[in-house]
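Coordinate inspection notes
Single-letter residue listing:
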Amino acid sequence: QVQLVESGGGLVQPGGSLRLSCAASGSIFTINTMGWYRQVPGKQRELVARIFSGGGTNYVDSVKGRFTISRDNAKNTVYLQMNSLNPEDTAVYYCNAFIRTHSSSFGDYYWGQGTQVTVSS
């Protein structure tokens, strides 16, 4: 019904940059909040950044000034530009979006499959 597909992960050296993308597809009526979470083995999934339908944003303190979240509403896509990456940013990154479909009066949260980001020399 609704799919979120992430791309852009990979291996990068400390200090490098990556750009993650997440495209939503399916029977979409509206998309409210879109965001990125990350998870490392043995730890809880944590919110990295989110962007609201009006353009407002939130960031976890550890990425402020280094990561930028943006969205293209015409493409139902959210991006995460990650600069000055360090080994502590290594994790699986998940896309998340609150979506209302054409067949529902209520929205729901949807998740992507995750993309691995590894920061290592």
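Residues numbered from 1 in each chain as written. Predicted model: local features only at pLDDT ≥ 70, side-chain atom pairs only at ≥ 80, totals over all residues. Heavy atoms only, no water.

1. Re the pairing of strand β7 (residues 67-72)
In the case of a regular strand, side chains alternate between the two sheet surfaces. Which entries qualify depends on this criterion: Three exposure classes are used, based on accessible area relative to the maximum for each residue type with a 1.4 Å probe and protein chains only: buried under 20%, partly exposed in between, and exposed over 50%. What counts as a helix is a DSSP run of H or I of at least four residues, what counts as a strand is a run of E of at least two, and both are numbered from the N terminus. Strands are labelled as partners when DSSP assigns at least two bridges between them.
Side chains Phe-67, Ile-69 and Arg-71 of β7 all project onto a buried face; the interleaved residues Thr-68, Ser-70 and Asp-72 project onto a face where none is buried. Judged from the 6 bridges that link them, β7 and strand β8 (residues 77-82) form a sheet pairing that is antiparallel. Residue pairing in the sheet places Arg-71 in a bridge with Val-78 of β8. Two successive antiparallel strands, β7 and β8, enclose a turn made up of 4 residues, where Asn-76 displays a positive phi of approximately 50 degrees.

2. Topic: the environment of Ser-21
Convention followed: Contacts are residue-level and defined by heavy atoms, with any inter-residue pair within 4.5 Å sufficient.
Tracing the chain through its elements places Ser-21 in strand β3 (residues 18-26). Sequence-wise, Ser-21 and Thr-77 are 56 residues apart; in three dimensions their C-alpha atoms are separated by 6.9 Å. Not counting residues up to four positions away in its chain, the partners in contact with Ser-21 are Val-5, Glu-6, Ser-7, Trp-36, Val-78 and Tyr-79.

3. Looking at the state of the cysteines
Which entries qualify depends on this criterion: Disulfide: a pair of cysteine sulfur atoms within 2.5 Å of each other.
What the rule picks out here adds up to 1 disulfide. Through a disulfide, Cys-22 is tied to Cys-95; the S-S separation comes to 2.1 Å. Given an S-S torsion of about -80 degrees, the disulfide between Cys-22 and Cys-95 has left-handed geometry. With Cys-22 in strand β3 and Cys-95 in strand β9 (residues 91-101), the pair connects residues that are 73 residues apart, well separated along the chain.

Fair warning: the whole summary comes from geometry, so function is off the table for now.
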